[in-house]
Amino acid sequence: MCSVVGYVGKRSCRSFILEGLRRLEYRGYDSAGFACLCPRDSRLLYAKAVGRLENLEKKLKKEPIDGYVGIGHTRWSTHGAVTEHNAHPHFDCNKTISIVHNGIIENCYALKRQLEEAGHVFFSATDTEVIAHQLEVLLLSHVTLKKAIIDLVNKLEGAYAFLVLMENYPDCIVLVRKRSPLCIGIGDDELFIASDPLAFAGNSSKVCFLPDESFAIVKADQIELYDFKGHALPIKVQELTIDWVNQERKGHEHFMLKEIYEQKEVIHATVDFLRQISNEVWQYMGITQETAQSLKSFNMIGCGTSYHAASIGKFFFEKITKIPAYVHLASEFRYMPFFPSENSVYLAVSQSGETADTLEAMRMLQTHHVPTVALTNVASSTMVREADGFLLTQAGYEIAVVSTKAFSAQLTVLYWLAHRLALEKGLINQQQMHMAQEDLLVVAQLLESCMENYRMDITHSVAKEYAQSQNFIFLGRHESYPFAQEAALKLKETAYRYALCYSAGELKHGPLALIDVKTPVFVFSSQDPLIYQKLLGNVQEVKVRGGHVVAFTFEHQKELQLLADRVFIIPDVKPLLGTIAMTGLMQLLVYEIAKELGRPIDKPRNLAKSVTVE
Ligand code: F6R
C-alpha cells in the first residue's frame, strides 16, 4: 500500500525521506515521488518516477533538489494507471500546493466535476489531485490555513492520511488523518512524519500518533493538533521502541526466508509474553473475568492469512473450550446483516492491525456495543488503539509482503487463549495450562527441525520438480483444510501458480474431474484418527484417477505414506498442533518453488503488505 513520509527541520530532507520510503518499500508500491521547498526562494520542487525507488533516486541524482521541508510517497495505484502523471505528489492549478496521500477519497468524482466546472485543470486520474484543487479554492476564501483545512476535511469523504506542502507556508507541513495511520517522530528542532514509525525509527525515540479524524500543522519546533471541528487536542507522546537495524535480512537471500526461519524464536517470544500477562489477560482484552467465564461463543474476523489462522483457531476453541467459534471474512462480514451473539467476544485478527476491511468490521461491531479485541503484531496499530482490548503476537516486524511468521504467532496465541479460557471456565487445571505452554515450545522446535530434515531435498530437487507444474490442487480436512488454504494462498502469491484448494470431502462433488498426472495434489493430514481415515479415502479417490499426491503426513500414518507419490513426514505431536509443526516446511517449499521460478519473492507483483484501502 501507499506510504507517506515527511520531514521539517534543520537537515536536508531528501536523504531522510528516501531512506524512510525505502524502509516502507516492503508494503508494496508501483511508483514514487518527492517534493520539497527550495531553501532560497521557497519554490516547490519535485520529482516522480514509475517503478522502483531506484528510478526516483536516479532522477534526483541528475536534478539534485533538496530542502529543509519535504514530503515523499510510494504509490500503490487505486485510481488511474501506473504512470508518472499519476504518481504523487499532486498539485493545484498553480503548482504551489502539493499533496501526498494514502487512502481513497470516495467522493472524488463529484468534487472533480465541480472543480472542473469552476475552471480547474487536472493533470492526473487520481483521487488525490482533488484535494490539492479543493484546498486551492478554500485557501482563497479563508483567512487562516486552519479554517481552510477544517472546511477541506468536511468536504472529503473516505479514509485518508495526507501531507500538504505549500509555497505560501514555507516552514510548515499539514498532516490530515481519517481512518488511515499517520504519526510524527519528535526530534531536536526537527520532526519526522510517516504513515509507519518504522520510517524514522532510530532518528527519533518519541512518537505522537495522530488521533483519528484529526489534523496537525507542524513546524520544526512546533506541533498544533486539532480535531476536525478545530478544537485543539493534547499532544500525546509515546516512547518508540522499534529499531531499524533488527529489520535487516541477516544473511538470508530474502526477508521471507529470514522470517520463515525466525518462527521458533517468535513462538518462544509469544509464549513468554502470554505467560507474563496470563493473570491480567482479561484486562488486556478489555473484558472482565466474569465475562470470560460466561462466554458462550467466540467470534473472529480477519482477511487472507489472518483469516486462515482464525479458521484453524476455531478448532482450538471448539475442542478445548467447548464453545462454538465463528470465523468471518472481514470483507464479507461488514456488509452482512449483523446478529449479535449473546455473551460473545469478537477478535479482530490482523498482522498489521491496519487492514481496512478488518478495521471497518471492528468499527461496525463497536456501533453494536459488542466487545472487540485486536489480535495483532503491531502495538502501535490503529486496531490496538481503537479496540476495547488487545493481545499482541511477538513476531517482530514482518517485512516480506507474504505473511509467514505472523501466521504461526497467531496460531500460538489462539492455542494459548483457548487453554486460558478453558482454565477460566474450570475445564482444565493449572498443570494442563502449563503443559499447553510447554507443548507450544515443543512444536516450535519441530517446526524448525522439519525444515532442517527436508531443506536439502527441497532446494536440490523437490522445488525444481514442482516449479514445472502450472496448476496445483490443495486438500485438507478439519484444521488442515484452512491450513491447505493458507498453503495455496502462499503458492499463488509467491510463485504465481494456480492453486485450487478444497476440503478433501468435497472432491467427489466436482473437482475430481480436474485430477490428472500433471496436476500435483498436495494433501495435509490431520492427527484426528477419524479425520485421517476419511482423508485416506479421499487420497485413494485421487490415486485411482491417476493423480500425483504429495502428502504432509504424521509419522505413524503409514497407509498415507505408502499411498502418496511423495511424502513429508512430520513427527507426531499433540493433537491440534500439527498445523504449526507443518508450517515452516510448507512455507519453505513454496519459497523454494518461487525462487526456482525467479519471482520477486519479498515483493510479489500487484500485492501490498498492509491493505489499508477496501
Ligand atoms: C498473505 C498476506 C495477506 C494478509 C491479509 C491480512 O501472505 O499477507 O493475505 O494476511 O492482507 O493482513 P493483516 O493480517 O495485516 O490484516
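## Notes on the overall build of the protein
Looking only at helices and strands, the protein has 19 helices and 24 strands in total. For 614 residues, the compact-globule estimate of 2.2 N^0.38 gives 25 Å, and the protein sits close to it at 26 Å. Seen through its C-alpha atoms, the protein measures out along the principal axes to roughly 80 × 55 × 45 Å. The burial tally for the protein puts 61% of its 614 residues in the buried class. Considering only contacts in the protein between residues 6 or more positions apart, those separated by 24 or more positions represent 71%. Surface accessibility of the protein: about 23500 Å² in total, with carbon and sulfur atoms responsible for 51%. Seen as two clouds, the 62 positive and the 70 negative side-chain charges of the protein have centres 3 Å apart.

## Digging into the sheet that holds strand β24 (residues 566-570)
Strand order in the open sheet made by the five strands is β21-β20-β22-β23-β24, with parallel pairing throughout. The strands lining the two open edges of the sheet, one partner per strand, are β21 (498-503) and β24. Averaged over all pairs of adjacent strands, the angle between strand axes in this sheet comes to 15 degrees, irrespective of strand direction. The pairing of strand β22 (residues 520-524) with strand β23 (residues 548-554) spans five bridges and is classified as parallel.

## Considerations on the nonpolar core
Note that soluble globular proteins tend to have their nonpolar side chains buried in a common cluster. In terms of nonpolar packing, the biggest core is built from 131 residues, with Phe298, Leu417, Phe474, Phe524 and Phe552 touching the most fellow members. Among the elements that make up this core, the one with the highest residue count is helix α15 (residues 430-467) (16 residues). Counting 30 residues, the second largest nonpolar core, distinct from the first, contains Ile131, Ala132, Leu156 and Tyr160.

## Topic: the domain arrangement of the protein
Note: interface size is frequently given as the accessible area lost on complex formation between the parts. By the assigned domains, the protein splits into domain 1 (3-239) and domain 2 (255-596). Between the C-alpha centres of domain 1 and domain 2 there is a distance of 38 Å. Residue-level contacts link nine residues of domain 1 with eleven residues of domain 2. Taken over both partners, the interface formed by domain 1 and domain 2 buries close to 940 Å², and the fraction arising from carbon and sulfur atoms is 53%. When the buried area of domain 1 at its contact with domain 2 is split by residue, Tyr26, Arg179 and Phe209 rank highest and sum to 53% of it. Along the contact surface separating domain 1 from domain 2 lie two salt bridges. Residues Arg179 and Glu360 are paired through a salt bridge, measuring 2.9 Å at the closest nitrogen-oxygen approach. Counting the contacts that link domain 1 with domain 2 gives two residue pairs in polar contact (both at pLDDT 80 or more). Residue composition of the side of domain 1 that touches domain 2, grouped by class: five nonpolar, no polar and four charged.

## Quick look at the site of the ligand
Contacts to the ligand come from 15 residues, most closely from Ser306, Ser350, Ser352, Thr355 and Glu493. Here an oxygen atom of the ligand and a backbone polar atom of Thr305 are 3.0 Å apart. Between the ligand and Lys490, the relevant distance is 3.0 Å, taken from an oxygen atom to a side-chain nitrogen or oxygen of the residue. Looking at the shell around the ligand, the elements with two or more residues in it are α10 (304-321) and α16 (480-495).

## A closer look at the packing of α10 against helix α14 (residues 405-424)
It is at 9 Å that the axes of α10 and α14 come closest, and there the two elements cross at 25 degrees. When the interaxial angle is binned, α10 and α14 end up roughly parallel. Here α10 and α14 pass one another in a crossing that is right-handed. Of the residues in α14, those in contact with Thr305, Ser306, His308, Ala309, Ala310, Ile312, Gly313, Phe316, Phe317, Ile320 and Thr321 of α10 are Phe407, Gln410, Leu411, Leu414, Tyr415, Leu417, Ala418, His419, Leu421 and Ala422.

## What about the layout of surface pockets?
Size it by volume and the largest pocket reaches roughly 760 Å³. As for the largest pocket, its lining consists of 30 residues, and the residues nearest its centre are Thr241, Ile242, Asn377, Gly396 and Tyr397. For the lining of the largest pocket, the secondary structure elements donating two or more residues are β11 (206-209), β14 (238-239), α7 (263-277) and α13 (382-386). The element contributing the most residues to the lining of the largest pocket is α7, with three residues. Of the residues contributing to the lining of the largest pocket, the split by class is 13 nonpolar, nine polar and eight charged. When residues are assigned to domains, the lining of the largest pocket turns out to be shared by domain 1 (3-239) and domain 2 (255-596), each giving three or more. Of the pockets and cavities examined, the second largest pocket occupies roughly 510 Å³. Gly304, Thr305, Ala608, Lys609 and Val611 are the residues nearest the centre of the second largest pocket, which is lined by 25 residues in total.

## Thoughts on the side chain of Asp196
Assignment of secondary structure puts Asp196 in the loop between β10 (191-194) and β11. What makes Asp196 buried here is its relative accessible area of 8%. Here Leu198 takes part through its backbone nitrogen, which lies 2.9 Å from a polar atom of the side chain of Asp196. Filtering out sequence-adjacent residues up to four positions away, Asp196 remains in contact with Leu24, Tyr26, Arg27, Cys183 and Tyr397.

## Section: the environment of Thr553
Here Thr553 lies in strand β23. For Thr553, a relative accessible area of 0% gives the class buried. Sequence spacing of Thr553 and Ile570 is 17 residues, and the spatial spacing of their C-alpha atoms is 5.9 Å. Not counting chain neighbours up to four residues away, the residues in contact with Thr553 comprise Ser525, Leu560, Gln561, Val567, Phe568, Ile569 and Ile570. Polar side-chain contacts of Thr553 include one of 3.2 Å to the side chain of Gln557.

## Side note on the state of the cysteines
Applying the stated criterion to the full structure yields zero disulfides. The thiol of Cys36 is not disulfide-bonded; the next cysteine sulfur, from Cys13, is found 4.9 Å away. Summary of cysteine pairing: Cys93 is not part of a disulfide, and the nearest cysteine sulfur, belonging to Cys108, is at 17 Å. Owing to a relative accessible area of 27%, Cys93 belongs among the partly exposed residues under this scheme.

Basis of the calculations
- Residues numbered from 1 in each chain as written.
- Predicted model: local features only at pLDDT ≥ 70, side-chain atom pairs only at ≥ 80, totals over all residues.
- Heavy atoms only, no water.
- Helix = DSSP H or I, 4+ residues; strand = E, 2+ residues; numbered from the N terminus.
- Rg over C-alpha atoms; globule rule 2.2 N^0.38 Å.
- Buried < 20%, exposed > 50% of the residue type's maximum accessible area, 1.4 Å probe, protein only.
- Contact = heavy atoms within 4.5 Å.
- Areas by Shrake-Rupley, 256 points an atom, 1.4 Å probe, with all protein chains shown as cover.
- Lys, Arg positive; Asp, Glu negative; His and termini not counted.
- Charge placed at Lys NZ, Arg CZ, Asp CG, Glu CD.
- Pairing = 2+ DSSP bridges.
- Axes fitted to C-alpha atoms, helices over the stretch in contact; angles between N-to-C directions.
- Core = buried A, V, L, I, M, F, W, Y, C linked by side-chain atoms within 4.5 Å.
- Domains from an automatic or database assignment.
- Buried area = accessible area lost by both parts, 1.4 Å probe.
- Salt bridge = Lys/Arg side-chain N within 4 Å of Asp/Glu carboxyl O.
- Polar contact = N/O pair within 3.5 Å; in protein donor to acceptor, adjacent residues only side chain to side chain.
- Nonpolar A, V, L, I, M, F, W, Y, C, P; charged D, E, K, R; others polar.
- Near = heavy atom within 4 Å.
- Parallel < 35°, antiparallel > 145°, perpendicular 65-115°, else oblique.
- Left-handed = near helix turned anticlockwise from the far one by under 90°.
- 1 Å grid on protein atoms, 1.4 Å probe; cavity = no way out; pocket = protein on both sides within 12 Å on 5 of 7 lines; lining within 4 Å.
- Points joined across faces, edges and corners; volume = space filled by probe spheres on them.
- Disulfide = S-S within 2.5 Å.

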